[in-house]
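As a plain string of letters, each chain reads:
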There are 2 protein chains.
Amino acid sequence: MKTRNSAHKRGKHNSLRLTRIAIDTYRENVAYLNCRCEVYRAEGFQSMSKIEISVDGKSILAVLIIVRDDSILAPGELGLSEQAFRQLGVKEGTLVRIRHAPPPVSMEAVRRKIQGERLSEEDFHAITNDIVHNRYSKMEMAAFLVSASVTGLDRDEVLYYTRAMADTGDRLNWKEPLVADKHCIGGIPGNRTTMLVVPIVAAHGMLIPKTSSRAITSPAGTADTMEVLAEVSLSPERLHAIVQKHRGCLAWGGTARLAPVDDTLITVERPLGIDVMGQMVASILSKKLAAGSTHLLIDIPFGPSAKVREMSKATQLRKLFEFVGDRIGIHIEVIITDGRQPVGRGVGPVLEARDVMQVLENDPDAPSDLRQKALRLAGRVLEFDPDIRGGQGYAIARDILDSGRALASMKAIIDAQGRRKKIPRPGRLTLDVTAPASGTVTAIDNLRINRIARLAGAPMDKGAGIDLFKKLGDSVKKGEALYRIYSDFDSEFQFACESASRDSGYTLGEKADITTTMFEF
Amino acid sequence: MKTRNSAHKRGKHNSLRLTRIAIDTYRENVAYLNCRCEVYRAEGFQSMSKIEISVDGKSILAVLIIVRDDSILAPGELGLSEQAFRQLGVKEGTLVRIRHAPPPVSMEAVRRKIQGERLSEEDFHAITNDIVHNRYSKMEMAAFLVSASVTGLDRDEVLYYTRAMADTGDRLNWKEPLVADKHCIGGIPGNRTTMLVVPIVAAHGMLIPKTSSRAITSPAGTADTMEVLAEVSLSPERLHAIVQKHRGCLAWGGTARLAPVDDTLITVERPLGIDVMGQMVASILSKKLAAGSTHLLIDIPFGPSAKVREMSKATQLRKLFEFVGDRIGIHIEVIITDGRQPVGRGVGPVLEARDVMQVLENDPDAPSDLRQKALRLAGRVLEFDPDIRGGQGYAIARDILDSGRALASMKAIIDAQGRRKKIPRPGRLTLDVTAPASGTVTAIDNLRINRIARLAGAPMDKGAGIDLFKKLGDSVKKGEALYRIYSDFDSEFQFACESASRDSGYTLGEKADITTTMFEF
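Cut-off values and rules
- Residues numbered from 1 in each chain as written.
- Chains lettered and ligands numbered in written order.
- Predicted model: local features only at pLDDT ≥ 70, side-chain atom pairs only at ≥ 80, totals over all residues.
- Helix = DSSP H or I, 4+ residues; strand = E, 2+ residues; numbered from the N terminus.
- Buried ≥ 20, exposed ≤ 12 C-beta atoms within 10 Å, placed from the backbone.
- Contact = placed C-beta atoms within 7 Å.
- Pairing = 2+ DSSP bridges.
- Axes fitted to C-alpha atoms, helices over the stretch in contact; angles between N-to-C directions.
- Nonpolar A, V, L, I, M, F, W, Y, C, P; charged D, E, K, R; others polar.
- Least-squares fit on C-alpha atoms with pLDDT ≥ 70 in both.
- Parallel < 35°, antiparallel > 145°, perpendicular 65-115°, else oblique.
- Left-handed = near helix turned anticlockwise from the far one by under 90°.
- Expected span 1.5 Å × (residues − 1).
- Core = buried A, V, L, I, M, F, W, Y, C linked by C-beta atoms within 7 Å.
- pLDDT = per-residue confidence, 0-100.

**What to know about the overall build of chain A**
In terms of helices and strands, chain A carries 19 helices and 18 strands. Each of the three principal axes of chain A carries a C-alpha extent, and together these read 90 × 55 × 50 Å. Classification of the 521 residues of chain A by burial places 55% in the buried group. Restricting the contact set of chain A to residue pairs at least 6 apart, pairs at least 24 apart contribute 79%.

Right, here's the structure in full:
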């Protein structure tokens with residue numbers, strides 16, 4: 001048999017006998033090669049690199065793991081995990097060939113970006129399309145993100161990138177002329193206004209189908225906090241039904257495939273610490289475009305420990321949002337808010353949910369700054385309604401809240417999504433962090449508060465977090481409690497307490513030391 | 001038992017029961033997690049990301065693979081491959097914790113580079129040190145390389161980077177005042193001058209302990225070609241002994257740990273197609289510094305399909321080599337050579353070895369361009385000898401070659417390294433690529449010739465490659481052979497032939513069309 005003979009001869013060269021490895025590796029194809037295999041040694045294959053496995057015109061990509069283990073596979077064999085084996089669809093013992101996976105075609109555009117070129121709309125579509133089809137390794141995604149970060153994206157590029165990301169997934173269509181949304185760029189502990197804006201706006205009758213993310217680097221996201229009260233993981237069908245009936249929802253966005261490439265890129269952006277304005281705007285607006293929002297209010301907190309620390313940057317960011325919004329057909333209003341300190345008292349899912357319910361229930365103890373901020377944001381969203389005059393929104397929002405209609409709306413949404421039978425309590429381990437001297441609170445470091453709350457276990461441990469007793473401008477006496485740390489587990493509690501003892505995040509001084517800036521409200 | 005109880009409670013939270021997976025994964029630690037595991041779902045762990053596994057103050061890093069396979073491990077368990085399990089050194093069933101691996105400390109410098117800052121010598125040391133200790137993922141290496149590529153490295157940064165890379169591995173010390181070396185930046189097929197320069201220079205008595213790399217993107221490197229004639233994989237001890245006795249060697253550099261971080265970075269540079277001047281200079285000179293070279297001749301081929309295509313870039317590159325060389329104490333001479341076409345006739349290990357031996361044997365059929373280039377390079381290296389007047393080197397080199405002393409030196413080196421009993425023959429499958437019309441050869445595309453030779457199977461298949469019959473300025477008649485493709489395997493042969501039929505790499509025209517440029521020789 002001539003074919004077999006020549007195939008056998010090639011076995012010495014670059015062909016390998018296929019063998020199945022009895023591990024089902026979920027979403028990722030994994031291939032195994034023996035470290036004493038000639039092909040591995042000669043061709044410079046590397047552990048964890050992507051290879052292409054081909055046979056009879058078919059080919060699959062897989063991540064390579066080098067093993068020293070002859071009991072798993074011999075030199076001259078290529079092992080494939082169950083799912084990769086199924087995908088290739090040939091029998092064990094078949095001779096297959098491997099090579100370094102060719103780089104995705106759109107890497108050519110990334111190379112041009114590295115050389116400082118501006119990319120076209122077609123380039124961004126090619127890149128996001130390759131990424132969403134898993135053709136980019138993390139190394140290649142890093143090359144794209146870093147090149148875009150160093151050379152910057154001009155506003156046209158941000159527009160192209162936004163459209164390209166939105167096109168990688170599904171698009172929701174609510175079949176209504178006004179679909180309201182609000183978004184905060186993040187960074188401020190306790191800033192749970194969304195859970196107040198949604199019931200107020202929905203009670204007015206305006207459509208606000210709000211989906212939120214879970215916390216990534218913060219101690220609580222809206223989805224984490226809402227989850228304390230209700231189910232947030234809803235199928236697209238159920239979400240639609242709830243929104244139709246109640247005009248709003250407070251769901252986790254992870255079940256819909258909205259601009260999924262953004263979720264992929266964030267797994268590279270975050271560990272690399274890439275934080276670029278153009279990237280952020282494209283990331284936010286692509287999700288909103290895919291979610292079918294027509295009117296969007298954006299909250300940019302501004303302050304010495306907020307994400308935006310210079311007013312010039314805040315203004316630049318606003319212009320960029322407006323530019324892209326106009327071109328993708330979303331009516332955008334941007335407001336720059338007071339980001340000098342946490343909003344409300346609680347930091348962490350359970351404590352933040354408590355604050356939100358206090359405001360909705362018109363509890364006299366409710367944190368007034370959270371109430372005020374939510375009313376102002378809700379007012380601006382209500383003014384998207386052409387029948388509401390500019391400036392009237394706040395009074396309408398306040399009326400909806402004070403009358404209990406917002407609470408009724410929230411209860412209806414909670415019941416529709418699936419009310420939790422038992423609301424978890426704040427953590428059982430507590431420590432009061434006290435003032436080292438008497439004085440006035442002149443600064444609260446948002447980053448520090450976030451960090452201590454995360455060390456305490458938030459958001460994984462719903463009851464973990466921080467409860468703030470003092471805010472900017474408050475007078476404290478030496479030994480008086482500034483805040484209380486809550487945790488459920490000894491080691492986390494220790495970490496949080498140690499961190500707070502090194503730096504509580506509070507600065508005490510004279511009233512005149514407090515940073516003041518002109519905010520829009 | 002209170003501890004056990006609390007530990008059990010934490011099992012729901014973030015602790016996992018350790019289990020051993022019977023796969024020995026060679027150099028890379030691999031960890032497995034079930035996709036239905038709560039920790040995986042809640043914490044956003046990703047397949048192929050790096051995690052830190054810790055228990056009792058010990059911790060190891062591992063690459064995570066998500067499996068769907070309850071027979072391998074259950075939700076709530078963490079599987080470790082044999083080598084990772086040994087490294088962690090605790091019993092099966094122990095509760096361990098996992099988290100996203102913290103980024104290496106020096107990523108902070110990379111972030112500054114992304115923001116456009118210039119890095120200090122300490123920064124480069126911190127980065128290369130973290131990389132050589134496997135603390136960088138490919139994603140992080142890509143971030144470093146791309147940021148350096150986009151913002152550029154100024155000449156001081158190239159100097160710092162060179163020193164930092166050299167410091168990551170061993171340093172050779174030959175204990176002689178003059179240790180000669182030559183290096184070509186690559187890109188020209190058939191350019192095997194090193195295999196002529198070494199025996200000529202060694203025959204003169206000058207120390208030239210040459211180590212070379214294997215081909216990465218070309219159809220043959222010096223190590224691949226020398227390997228046709230002799231063993232090239234030598235232990236450091238044997239290499240030293242050979243060099244002491246014969247004043248030279250032609251070995252593969254992979255056995256010594258010279259600037260190993262460069263070998264790591266190249267696995268990211270290559271697929272990303274990063275080709276930056278500063279990176280190249282630091283990469284070459286760090287290896288030379290580690291190899292103990294004191295005098296170095298650098299060959300920069302220049303031409304329309306060479307790596308360097310503008311004279312201004314060639315000059316810039318020369319200045320950069322000189323700047324860094326002066327500061328690291330290596331005497332550097334840079335020459336810009338004719339890179340308009342391949343050198344010699346053969347392209348591919350066996351065919352190139354044939355050309356080299358023809359020149360050494362003073363065969364009248366030996367390719368004269370290879371002989372000329374080698375003599376001129378050898379002459380310049382010989383002039384590093386303070387006793388040789390400027391301009392005399394060429395005549396001395398020619399005398400050594402013509403007298404047969406170079407051949408004797410080469411034979412001695414081959415015997416010392418380990419002569420091959422049987423030299424492989426050129427590939428059994430051949431095709432002559434012919435001229436589509438009569439005319440003069442006005443251009444030969446180096447990239448195209450390299451590509452066709454690689455498709456034919458070089459350098460893995462030693463006998464594969466191309467034998468050139470016509471060079472620049474030669475007249476050809478329609479139907480006359482331009483070159484012959486050699487291959488040993490049907491499919492490679494087909495690929496190479498198809499590629500050559502699409503574009504042979506040859507341009508035919510009028511003699512006046514040939515690019516001419518002023519070269520140094």
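Having seen the structure, we can now continue with the description.
**Some thoughts on the sheet that holds strand β15 (residues 465–468) of chain B**
Hydrogen bonds between backbone atoms are what pair the strands of a sheet, whose relative direction is either parallel or antiparallel. Residues and elements named next belong to chain B. The strand order β12-β15-β17-β13 describes an open sheet built from four strands, whose pairing is antiparallel. Two strands close off the open sheet at either side, each with one partner strand: β12 (346–347) and β13 (429–434). With four bridges connecting them, β15 and strand β17 (residues 481–487) associate as antiparallel partners. Along β17, the bridge assignment pairs Leu-468 with Tyr-483. Across the sheet, helix α19 (residues 490–502) touches β13 and β17, and the angle it forms with β17 is around 160°.

**A word on the interface of chain B and chain A**
Counting from both sides, the interface comprises 44 residues of chain B and, opposite them, 45 residues of chain A. The set of elements that each furnish at least two residues to the side of chain B that touches chain A consists of β4 (58–67), α4 (107–114), α6 (138–151) and α11 (260–272) of chain B. A per-element tally of the side of chain B that touches chain A places α6 of chain B first, with nine residues. The residue makeup of the side of chain B that touches chain A, split by class, is 23 nonpolar, eleven polar and ten charged.

**Some points on the relation of the copies chain B and chain A**
Note on the identical chains: chain B maps onto chain A by a rotation of 179° and an axial translation of 0.1 Å, with an RMSD of 0.1 Å. Taken together, the rotation and translation describe the operation of a two-fold axis. Minimal C-alpha separation from the rotation axis in chain B is found for Met-139 of chain B, amounting to 2.0 Å. Interface overlap between copies: 98% of the residues of chain B at the interface are likewise at the interface in chain A, consistent with a symmetric, same-surface contact.

**Here we look at the packing of helix α7 (residues 155–166) of chain B against helix α13 (residues 311–328) of chain B**
Each pair of packed helices can be summarised by the angle the axes make with each other and by the distance between the axes. Residue and element names in this part refer to chain B. Where α7 meets α13, the closest approach of the two axes is 10 Å, and the angle between their N-to-C directions is 50°. Compared by their axis directions, α7 and α13 come out oblique. Crossing angle aside, the handedness with which α7 passes α13 is right-handed. When α7 is examined against α13, the residues Arg-155, Val-158, Leu-159, Thr-162 and Arg-163 are found in contact with a partner set consisting of Leu-320, Phe-323, Val-324, Arg-327 and Ile-328. Of the residues contributing to the contact of α7 with α13, the split by class is six nonpolar, one polar and three charged.

**Notes on the packing of helix α12 (residues 277–290) of chain B against α13 of chain B**
Residue and element names in this part refer to chain B. Running from N to C, α12 and α13 cross one another at 35°; their axes reach a closest spacing of 10 Å. Regarding α12 and α13, the two cross each other, and that crossing is right-handed. Facing Met-277, Val-281, Leu-285 and Leu-289 of α12, the residues of α13 in contact are Gln-316, Leu-317, Leu-320, Phe-321, Val-324, Gly-325 and Ile-328. In the contact of α12 with α13, the residues fall into nine nonpolar, two polar and no charged.

**Re α6 of chain B**
Residues and elements named next belong to chain B. Here α6 is 14 residues long and its end C-alpha atoms lie 20 Å apart, about the 20 Å a rise of 1.5 Å per residue gives. Burial within α6 is extensive, with 13 of its 14 residues counted as buried. With its phi angle positive at about 80°, Gly-152 sits one or two positions after the end of α6.

**Points about the sheet that holds strand β16 (residues 475–476) of chain B**
An order of β16-β14-β18 (chain B) is seen for the three strands of this open sheet, with the pairing classed as antiparallel. Both outer strands of the open sheet, β16 and β18 (506–509) of chain B, are each paired with one neighbouring strand and no more.

**Concerning the nonpolar core**
Residues Ala-142, Val-201 and Ala-378 of chain A together with Ala-142, Val-201 and Ala-378 of chain B are the most contacted members of the largest nonpolar core, which totals 280 residues. The residues touching Ala-378 of chain B, leaving out its near neighbours within four places in the chain, are Leu-196, Val-197, Ile-200, Val-201 and Ala-397 of chain B. With 62 residues, the next largest nonpolar core counts Ala-31, Ile-60 and Val-96 of chain A together with Ile-65 of chain B among its residues.

**Some points on unusual backbone geometry**
A cis amide bond, omega 5°, links Ala-458 of chain A with the succeeding residue Pro-459 of chain A. Phi is positive for Lys-175 of chain A, which is not a glycine, with a value near 55°. Relative to the helices and strands, Lys-175 of chain A is located in the loop between α7 (155–166) and β7 (180–184). Look at Tyr-26 of chain B: it is not a glycine, yet its phi comes out positive at around 45°. For Tyr-26 of chain B, the position within the fold is in the loop between β1 (15–21) and β2 (30–34). Note on Tyr-26 of chain B: 20 C-beta atoms within 10 Å, which makes it buried.

**Here we look at the pairing of strand β9 (residues 248–252) of chain A**
Residue and element names in this part refer to chain A. Taken across its five residues, β9 has five buried, putting it largely inside the fold. Alternating positions in β9 separate into two faces, Gly-248, Leu-250 and Trp-252 on one and Cys-249 and Ala-251 on the other, with burial throughout. Sheet topology note: the strand β8 (residues 208–212)/β9 ladder contains five bridges and is parallel. Across the sheet, the residue bridging to Thr-211 is Ala-251, located in β9.

**Describing the environment of Ile-328 of chain A**
Residue and element names in this part refer to chain A. Structurally, Ile-328 is set in helix α13 (residues 311–328). Separated by 276 residues in the primary sequence, Ile-328 and Glu-52 have C-alpha atoms spaced 38 Å apart. If sequence neighbours within four positions are ignored, Ile-328 has contacts with Thr-162, Arg-163, Leu-285 and Leu-289.

**A few points about helix α5 (residues 121–132) of chain B**
All names here are of chain B. Taking 1.5 Å as the rise per residue, α5 with twelve residues should run 16 Å; its terminal C-alpha atoms sit 17 Å apart, in good agreement. Taken together, the buried positions of α5 are occupied by Asp-123, Phe-124, Ala-126, Ile-127, Thr-128, Asp-130, Ile-131 and Val-132. Those residues of α5 that are buried are in contact with α4, α6, α7 and α11. Positive phi shows up at Asn-134, right after α5, with a value of about 60°.

**A short note on the confidence of the model for chain A**
Residue and element names in this part refer to chain A. Summary statistics for chain A give a mean pLDDT of 92 and a share of 96% for residues scoring 70 or more. Here residues 1–12 is a poorly scored stretch, pLDDT under 50, and it has seven contacts once near neighbours within four places are set aside; other chains count. Scoring the predicted complex yields pTM 0.85 and, for the interface, ipTM 0.81.

**A look at the environment of Leu-508 of chain A**
All names here are of chain A. The topology assignment puts Leu-508 in strand β18 (residues 506–509). Judged by local crowding, Leu-508 falls into the buried class, with 21 C-beta atoms found within 10 Å. Each C-alpha atom, one on Leu-508 and one on Val-243, is 46 Å from the other, the two residues being 265 residues apart in sequence. Leu-508 has contacts with Ala-435, Ala-437, Gly-439, Thr-440, Val-441, Thr-442 and Val-476, leaving out every residue within four places of it along the chain.

**Here we look at the environment of Leu-297 of chain B**
All names here are of chain B. Along the chain, the position of Leu-297 falls in strand β10 (residues 295–302). The class for Leu-297 is buried, based on 23 C-beta atoms found within 10 Å. When the C-alpha positions of Leu-297 and Ile-335 are compared, they lie 7.5 Å apart, and in sequence the two are 38 residues distant. Non-local contacts of Leu-297, meaning those with residues more than four positions away in its chain, are made with Lys-182, Glu-333, Ile-335, Leu-377, Arg-380 and Val-381.

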